[in-house]
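Analysis of the macromolecular model
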Amino acid sequence: MKNFIKIFPHIIIWTIALLVPIYLISREGTFDYKPYYNYIIRMGIFAILFYANYSYLIEKYLFNRKFALYVVTNIALIAVLVILQTFVSECMRPDPEVVQSIEQGMRKKPPHMGRFPEGKHGGPPLLMRFIFDYVSIIFVIGLAVAIKTTIRWYRDSINFEKAKSVQLEADLRNLRSQLNPHFLFNTLNNIYSLIAIDQNRAQDAVHRLSNLLRYVMYDNDEKFVPLDKELTFTQNYIDLMKLRLSANVKLNVLIDGKSSHDMIASLMFITLIENAFKHGINNGEESFIDVSILVDPGKGVLCTVENSLLEREENMNMEEHNSGIGLTNLSKRLDLLYPNRHEFIAEKRTNSFFTLLRIDFGKENNIL
């Protein structure tokens, strides 16, 4: 069926090309076979030239940059076909006695009934026919090149998109494999710190962590997950992390959109939040974390995280810390999953470090 679909347009085109002349020649009530035979021979030459180029010569020579060999092969093929056409035409030429009989009959008729007036002839000049034939040959070869090139371009475009999709999947798997251990490493460090403070709260934290890991390892195997589950996971993570905060740390959280039914790539917000907890607070001094996630259903989501910029030596180069593996991987994931549909900002301000992530679900680029 697939092969039939490919050859069906060729059948239609050649059927039209062969039947239309029959109608034009016979519309006055008579049919002269000789012009039609000549037409068939010419169409046969064009068909041989077209399919020889379309099926073999273009792929073999032109696409392999063997231009000289391609031209020489076509010239040789044209010469052979012209010789063949001449031979066939000679074989089809009528008997001279028949021609003489026809001419004698034409002399008995008025000049306008069967022949042209003196000094006139019934066909175009030889030079004009020669030019027309070779222009037609060049057109047929050019048409074959154009069609074959277009098909190859279309096929290569499809293959490129497939290869790009495969590479995208491979890159995403690689990024996720890096992200999950990174998240687990930071979370375990936080629980380790909590054990020395309150063992009961540490046990509760382990239970919460098991729920988080269940989501990371099993519930988000798909590339995209329901946004409400992602937001619940994010809220649980924040609740887990704030167990170890002292009164010196001000934590403000606003998550609006847990009832949304949109889909989003998994673990989009956690990198921003865990960096804030890791680098932006100190239980021994005044510090803060502000988290805001706002959802516009069907359109997009906006997440902002801002944390205090501490004066400790290890935090003096905060921008470099926050541009490490976590934020780098997040930026790569956004480029792969939301090309031209996201905005990501990470910047050091006077007394804080600020990150902004905006993702557009649809084509609109001016939401939120």
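Residues numbered from 1 in each chain as written. Predicted model: local features only at pLDDT ≥ 70, side-chain atom pairs only at ≥ 80, totals over all residues. Heavy atoms only, no water.

The protein is annotated in an unreviewed UniProt entry as Signal transduction histidine kinase internal region domain-containing protein from Dysgonomonas gadei ATCC BAA-286.

**A look at the packing of helix H8 (residues 227–241) against helix H9 (residues 270–279)**
How two helices pack is summed up by the angle between their axes together with the distance between the axes. Note the threshold: Under this scheme, a helix contributes an axis fitted over its contacting stretch, all axes are lines through C-alpha atoms, and angles between N-to-C directions fall in the 0 to 180 degree range. Numbering goes from the N terminus for both helices and strands, where a helix is a DSSP run of H or I of at least four residues and a strand is a run of E of at least two. In these notes the angle categories are as follows: under 35 degrees is roughly parallel, over 145 is roughly antiparallel, 65 to 115 is roughly perpendicular, and the rest is oblique. Residue contacts are defined here by distance: any two heavy atoms, one from each residue, within 4.5 Å place the two residues in contact. Just so you know the grouping, Ala, Val, Leu, Ile, Met, Phe, Trp, Tyr, Cys and Pro go in nonpolar, Asp, Glu, Lys and Arg go in charged, and all remaining residues, Gly too, go in polar.
One way to put it is that H8 packs onto H9 with a least axis distance of 11 Å and a crossing angle of 10 degrees. As far as their axial angle goes, H9 and H8 are roughly parallel. Residues Phe-233, Thr-234, Tyr-237, Ile-238 and Met-241 of H8 touch H9, and the partners they reach there are Ile-270, Ile-273, Glu-274 and Phe-277. Class assignment of the residues belonging to the contact of H8 with H9 gives a composition of 7 nonpolar, 1 polar and 1 charged.

**Observations regarding the sheet that holds strand E4 (residues 287–296)**
Stated formally: The rule for pairing is simple: two strands pair if DSSP sees at least two bridges between them.
Strand order in the open sheet formed by 5 strands is E2-E4-E5-E7-E6, with mixed pairing between adjacent strands. This sheet does not close on itself; its edge strands, each paired only once, are strand E2 (249–256) and strand E6 (342–348). Each neighbouring strand pair of the sheet contributes to a mean axis angle of 5 degrees, computed without reference to strand direction. Judged from the 9 bridges that link them, strand E5 (residues 300–308) and strand E7 (residues 352–360) form a sheet pairing that is antiparallel. By the bridge assignment, Val-301 is partnered in E7 with Ile-359. Against the sheet, H8 touches E2 and E4, its axis set at about 170 degrees to E2.

**Some points on the layout of surface pockets**
Formally: The way it works is a 1 Å grid over only the protein atoms, where trapped points that fit a 1.4 Å probe form a cavity and open points with protein on both sides within 12 Å along at least five of seven lines form a pocket, and then any residue with an atom within 4 Å of a point lines it. Grid points are joined across faces, edges and corners, and a volume is the space filled by probe spheres set on the points.
Roughly 450 Å³ of volume is contained in the second largest pocket. Contributing elements (two or more residues each) for the lining of the second largest pocket: helix H1 (2–26), helix H2 (33–62) and helix H6 (126–195). Here the lining of the second largest pocket is built from residues that sort into 16 nonpolar, 2 polar and 2 charged.

**Description of helix H7 (residues 199–219)**
For an α-helix, 3.6 residues make a turn, and residues three or four places apart therefore share a direction. Applied cut-off: What a helix is expected to span follows from its residue count: subtract one and scale by 1.5 Å. Burial classes follow relative accessibility: with a 1.4 Å probe on protein chains only, a residue under 20% of its type's maximum area counts as buried, one over 50% as exposed, and anything between as partly exposed. When we speak of the arc, we mean the arc of directions from the helix axis to the C-beta atoms.
Compared with an ideal rise of 1.5 Å per residue, which puts 21 residues at 30 Å, H7 spans 29 Å between its outermost C-alpha atoms and is within 8% of the ideal. Buried within H7 are the following residues: Ala-202, Ala-205, Leu-209, Leu-212, Tyr-215 and Val-216. All buried residues of H7 project into a common sector of 125 degrees when viewed along the axis, lining one side. Structural note: H7 exposes Asn-200, Gln-203 and Tyr-218 on the side pointing more than 90 degrees away from its buried face.

**Details of the packing of aromatic side chains**
Note the cut-off: A pair of Phe, Tyr and Trp rings is counted when the ring centres sit within 6.5 Å of each other, with Trp represented by its six-membered ring. The angle between the planes then sorts it: under 30 degrees is stacked, over 60 is edge-to-face, the rest tilted. When the NZ atom of lysine or the CZ atom of arginine is within 6 Å of a ring's centre and also within 35 degrees of its normal, the charge is said to sit over that ring.
Inspection of every chain in the model, using the stated rule, returns 5 aromatic pairs. Between Phe-50 and Tyr-51, the ring centres sit 4.9 Å apart and the planes meet at 85 degrees, which makes this aromatic pair edge-to-face. Using a relative accessible area of 8% as the deciding quantity, one classes Phe-50 as buried. Ring geometry for Tyr-237 against Phe-277: centres 6.5 Å apart, planes inclined by 80 degrees, an arrangement best described as edge-to-face. Remark: Phe-277 occurs in helix H9 and Tyr-237 occurs in helix H8; sequence separation between them is 40 residues. The structure contains a cluster of three or more aromatic residues connected by ring pairs, namely Phe-50, Tyr-51 and Tyr-54. Seen from the ring of Tyr-54, Lys-148 lies directly overhead, with NZ or CZ sitting 4.9 Å from the centre. Sitting above the plane of the Phe-354 ring, Arg-349 keeps its charged end 3.9 Å from the centroid.

**Side note on the packing of H7 against H8**
Quick note on the threshold: Two helices that cross are described as forming a left-handed crossing if the nearer one is turned anticlockwise from the farther one by less than a right angle, and a right-handed crossing if clockwise.
Axis separation between H7 and H8 bottoms out at 10 Å; the angle between their running directions is 155 degrees. In this view, H7 runs roughly antiparallel relative to H8, as classed from their interaxial angle. Taken as a pair, H7 and H8 cross one another with a handedness that is left-handed. Residues Ala-205, Arg-208, Leu-209, Leu-212, Tyr-215 and Val-216 of H7 form the contact with H8, whose participating residues are Lys-229, Glu-230, Phe-233, Asn-236, Tyr-237, Asp-239 and Leu-240. A per-class count over the contact of H7 with H8 returns 8 nonpolar, 1 polar and 4 charged.

**Concerning a nonpolar patch on the surface**
Formally: Like-charged residues within 9 Å of one another, or nonpolar side chains (Val, Leu, Ile, Met, Phe, Trp, Tyr) within 5 Å, are grouped into patches, provided each residue has over 30% relative accessible area and no salt bridge. The method behind every accessible area is Shrake-Rupley, applied with a 1.4 Å probe, and residues are considered shielded solely by the protein chains displayed. The rule for a salt bridge is simple: a side-chain nitrogen of Lys or Arg has to be within 4 Å of a carboxyl oxygen of Asp or Glu.
Together, Phe-8, Ile-12, Ile-16 and Val-20 make up a nonpolar patch on the protein surface, roughly 340 Å² of accessible area in all. Within the fold, Val-20 resides in helix H1. For Val-20, a relative accessible area of 40% puts it in the partly exposed group.

**Some details on H8**
Over its 15 residues, H8 runs 21 Å from end to end, which matches the ideal 21 Å to within 8%, given 1.5 Å per residue. H8 sits mainly inside the fold: 11 of its 15 residues count as buried. Taken as a whole, H8 has its buried residues at Leu-227, Glu-230, Leu-231, Phe-233, Thr-234, Gln-235, Tyr-237, Ile-238, Asp-239, Leu-240 and Met-241.

**Here's the deal with the pattern of salt bridges**
Applying the stated criterion across every chain, the model contains 8 salt bridges. For the salt bridge of Asp-239 with Lys-242, the shortest nitrogen-to-oxygen distance reads 3.6 Å. You can call Asp-239 buried: its relative accessible area is 18%. Overall, Lys-242 belongs to the partly exposed group, its relative accessible area being 41%. Each of Glu-306, Glu-347 and Arg-349 takes part in salt bridges that share partners, so that together they form one network.

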